[in-house]
Amino acid sequence: MAMTSLALPDAMRRPCPPLRLGLIALLVIAAALSLGTGAAGVSLPQVLGQWLTGEEISTRDRVVLLDIRLPRLVMGLMVGAALAVAGAVMQGLFRNPLADPGIIGVGAGAGLGAVAMIVLSGFLPAAIAAFFGTWLVPVAAFGGAWTATLLLYRVASRGGQVSIATLLLAGIALAALAGALTGILTYLADDTQLRDLTFWGMGSLAGASDMKLLVGGLLIGPALILIPRLARGLNALALGEATAAHMGHDIERLKHRAVIGVAALAGAAVAMVGGIGFVGIVVPHLLRIAGGPDHKTLLVDAALLGAALLVLADLIARLVVAPAELPIGIVTAILGAPIFLWILIRRQGLGGV
Amino acid sequence: MLEISDLYVARGRSDVLQGLSLTAKPGAVTVILGPNGSGKSTLVQAASGALPYRGRITLQGHEIAQTPAWRLAALRAVLEQSNSVAFPFTVAEVVGMGLHAGIEAGHPEIVSAALAEVGLSDLAHRPIQSLSGGQQARAHLARVRAQVWQPVSHAGPRWLLVDEPVASLDIAHQLEVMAILRRFADAGGGVVAVMHDLNLSAQLADEMVLMREGRIEAHGSPEAVMRGPVLSRTYGCELQVGAAASDGLWVLPQFARPA
C-alpha cells in the first residue's frame, strides 16, 4: 500500500535498522581490536581460548587485559559517546551543523580549569591536594566546564529566555577570555608543568582509573540515557524557536535541559581525557548523511559511532609510534579537521552556513 | 471564538498594538489587512502566544498567556511569515512534526492527506531544503494543516492563524491555498489570515480587519471595509474600488507616473 510508506514519518527515511546494526558491529570490532592490541603483546583470541577451555590464564595476561586495556577501552567508549552526543545536541540547539561544545566555551572553560590546576597546584593546602590526588586536574577541568556553562547562561538569559545568538557570541568571548588566562598561566609555568600542559591539551586515554571511570560514568551515563528524550523537541527546533513553540514544545525547558546535558557530557569528557576535538562535529554530520537528521535515531547512533571512532582513534594513537603513543587529540584532529573543511566546502555549495 | 480586548503589545520601548479589541468567529475567514508596520503580524503572533502582552486574548475560552504550549498546539496551528528548516528533513518528516503536535498523532495517514491537499505528494521524500520557495511554503502549510487536521474536534472549533500564506506563491497556488483556508472555515474551523493582496482578500474574507499604526481602522464585511476613501486614507495612496460584474470587489491602484 502506497499510503503505508507515507504513513510512518519516523520510519520512512532510508531504513535505519541496517545502519544501527552496522554501527553496533563496528563498535564490537573496535572494542575487540582495542582489547587485543597493545605493547605487552597479549593476544585476545588466545586468552579467550584459554578461558573457554578452562585453562589457567596467567596473572600477567589478566592484569594487562582487565586492569590496563579494559579501563582504557571503557573510557574511550564513554568519552567518544559523550563527545559525539554533546555535539549532536549542541548542533540541534543552535540549528547549525558546525556547532560544538567547544563553541559555547565549555571546552575552553574546562581547559582553563585544568591548566590552572597544573600550574597552581603547588599553592594548594596539602590536605586538599592529598585528598584529590591525581584527580586535581580532571576535577578542575570539570569545574571549569560547569563554571563556563553557568556564566554563559547568566549572560545569555534574560527573564528565563535564552537567546541562542547571545549564547553563541558569549561563548566566543568566554573562550577568548579563558584562552588569555590560560596563556598567562602558561607564562607562569615551569618546564615540567609546560610539558604536562601540552600533553593534557592534546588529550590521552592513558591513565584510565576506576575512580575516573566511576565519576565520569556518573555524569555521562545519566546524560546519555536522558538526552534521547529531547529528540522530538530538537527536531521541532530545526524549524525555529517560534515554530517549535507553536507546535507545543516548551522551548525554554528544552533549551535548559539541552545545555545542562551538553555541559555534563562535554565537561566530563574534557575532564577525563583533555582536549579531543572534531568527534562532536564529524560523527553527527556523517550520520545525518547516512541516516537523515531525525534526532530520534541520530542521538542514539551518535553515541554508538562516537564510541567506536574514538576507540579506533586510540588504537591508531597506540600503534603508529609503538611502543610510545601519540596523544589521541592529534589523531582525531588529523582525521577530523579535513572532514570539517569538507563540510564547510559542501555547505558553501548550498549557499553558505 | 478568538476574543481580544484592550490589547497592548510592546516591541522594544513602544507599544506596537495600542488598546486593540477584536473578535473573530469560527466558521469564518477573518482577513487582517494594513500597510507595512501596522501591527498585523504582531497581532497574529500575540494571538498565537509568541509575544508577551497586556490585555486579554482568549481562544475558545483559554487565556493565551496562561495556557501551556501543548494545549495551544492542540487548539490552533500557526503559519509563520517565513519558515526555514535547519537540517535536511524530508517534506514528509516536517509535515509529520506538525501532525505530532496536534491531537491526531495516532493517524499517520494524515501526513499524506495533508501533502495531497497542497499538491506535494510527489515530493514527500525530498529534503525540504531542495524545494523551491513556493513549494516550501506549501509544505509548511501542509504541516500546519496536519496539526489541526479536523477543523472541529470534540473540544470545539480549531484554528489556523496564518501570516501571509500566499505571499510567495504564483496565482494558481494562491487560489489553491485560499481554497484550503476556505474549506477549513466552511467545515467549522476558525481562520485568521494576514494578507497583503486586497483583491485576493476581498474574495477570501468573511470579515476584514483593516489596521493602521497599531489600531483598527475599519472592521466588518468586505463591502463595509473595501471603500476607496477608507483604503486610500489607510494606505496613504490613491485607491479606487469597483464591483466586479460577477461577484465581489476589486481594487485598482491609481499610479501617478512621475513627471
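The rules we used
- Per-chain numbering applies: the sequence of each chain, read as written, is numbered from 1 onward.
- Numbering of ligands from 1 and lettering of chains from A proceed in the order in which they are written.
- The predicted nature of this model means local features are confined to residues of pLDDT at least 70 and side-chain atom pairs, given and counted, to a pLDDT of 80 or more, with totals for whole chains, interfaces and linings taken over all residues.
- In computing side-chain properties, one takes all heavy atoms of the structure into account and sets aside hydrogens as well as water.
- Between the rings of Phe, Tyr and Trp (Trp by its six-membered ring), a pair exists once the centres lie within 6.5 Å; its type follows the angle of the planes, with under 30 degrees stacked, over 60 edge-to-face, and the other angles tilted.
- Secondary structure elements are taken from DSSP: a helix is a run of H or I of four residues or more, a strand is a run of E of two residues or more, and numbering for both begins at the N terminus.
- Categorising residues by exposure relies on relative accessible area from a 1.4 Å probe, with only protein chains included: less than 20% of the type maximum marks a residue as buried, more than 50% marks it as exposed, and the intermediate range marks it as partly exposed.
- UniProt positions are given in the numbering used here, feature names are shortened, and annotations may be inferred rather than shown by experiment.
- Two strands qualify as a pair provided DSSP detects at least 2 bridges between them.
- Any pair of residues with heavy atoms lying within 4.5 Å of one another is described as a contacting pair.
- For helices, the fitted line uses only the C-alpha atoms of the stretch in contact; every axis is such a line through C-alpha atoms, and the angle between N-to-C directions lies from 0 to 180 degrees.
- Any Lys or Arg side-chain nitrogen located within 4 Å of an Asp or Glu carboxyl oxygen qualifies as a salt bridge.
- Buried area, as used here, totals the accessible surface that two parts lose on assembly, with accessibility defined by a 1.4 Å probe and the loss added over both.
- A 3.5 Å cut-off defines polar contacts: any pair of N or O atoms within that distance qualifies, except that in protein one atom must be a possible hydrogen donor and the other a possible acceptor, and neighbouring residues in sequence count only when both atoms are side-chain atoms.
- Polarity classes work like this: nonpolar for Ala, Val, Leu, Ile, Met, Phe, Trp, Tyr, Cys and Pro, charged for Asp, Glu, Lys and Arg, and polar for all others, with Gly in that last group.

What characterises a pair of aromatic rings is the spacing of the ring centres plus the angle enclosed by the ring planes. All names here are of chain A. Within the structure shown, the criterion is met by one aromatic pair over all chains. Here the aromatic rings of Phe278 and Phe340 are separated by 6.0 Å at their centres, their planes lie at 65°, and the arrangement is edge-to-face. Of the two residues, Phe278 is situated in the loop between helix H13 (251–273) and helix H14 (279–291) and Phe340 in helix H16 (residues 328–349); the sequence distance between them amounts to 62 residues. The partly exposed category is assigned to Phe278, whose relative accessible area is 25%. Given a relative accessible area of 21%, Phe340 falls into the partly exposed group.

This brings us to the UniProt feature "domain: ABC transporter" (unreviewed entry) in chain B. In the numbering used here, UniProt assigns the "domain: ABC transporter" (unreviewed entry) feature to residues 2–238 of chain B. As annotated, residues 2–238 of chain B comprises 36% helix and 27% strand, and the C-alpha atoms at either end are separated by 33 Å.

Residues and elements named next belong to chain B. In space, the four strands of this open sheet follow the order E2-E1-E4-E5, with antiparallel pairing throughout. Lying at the two open borders of the sheet, with one neighbouring strand each, are strand E2 (14–24) and strand E5 (62–63). Both strand E1 (residues 2–11) and E2 contribute to a ladder of eight bridges, which runs antiparallel. Of the residues in E2, the one forming a bridge with Glu3 is Thr23. Strand contacts of helix H1 (residues 40–47): E1, E2 and strand E4 (54–59), with the helix running at about 115° to E1, the strand carrying the most contacts.

In this structure the tally under the stated criterion is 17 salt bridges over all chains. Put simply, Glu117 of chain B and Arg145 of chain B hold a salt bridge, and the shortest N to O gap is 3.0 Å. With Glu117 of chain B in helix H4 (residues 109–117) and Arg145 of chain B in helix H5 (residues 133–147), this pair connects stretches of sequence that are 28 residues apart. Note on Arg145 of chain B: relative accessible area 6%, which makes it buried. For Arg182 of chain B, the salt bridge goes to Asp186 of chain B, with nearest N and O atoms at 3.2 Å. Of this pair, Arg182 of chain B and Asp186 of chain B both sit in helix H6 (residues 171–186), separated by four residues, roughly a single helical turn. Several salt bridges share partner residues, and in doing so they unite Arg72, Asp314, Arg318 and Glu325 of chain A into one network.

At Phe278 of chain A, a residue that is not glycine, the phi angle is positive and equals roughly 75°. Positive phi values are uncommon outside glycine, yet Asp6 of chain B reaches one of about 50°. If you trace the backbone, Asp6 of chain B turns up in strand E1. Looking at Asp6 of chain B, the relative accessible area reads 45%, which means it is partly exposed.

On to the interface of chain A and chain B. Across the contact, 30 residues belong to chain A and 34 residues belong to chain B. For the pair chain A and chain B, the summed buried surface comes to about 2500 Å²; carbon and sulfur atoms form 67% of the total. The interface formed by chain A and chain B includes zero salt bridges. Between chain A and chain B we count six residue pairs in polar contact (both at pLDDT 80 or more) in total. Of all the elements in the fold, those that place two or more residues in the side of chain A that touches chain B are helix H1 (2–7), helix H4 (59–94), helix H11 (231–237) and helix H12 (241–246) of chain A. Classifying every residue of the side of chain A that touches chain B by side-chain character gives 14 nonpolar, 10 polar and six charged.

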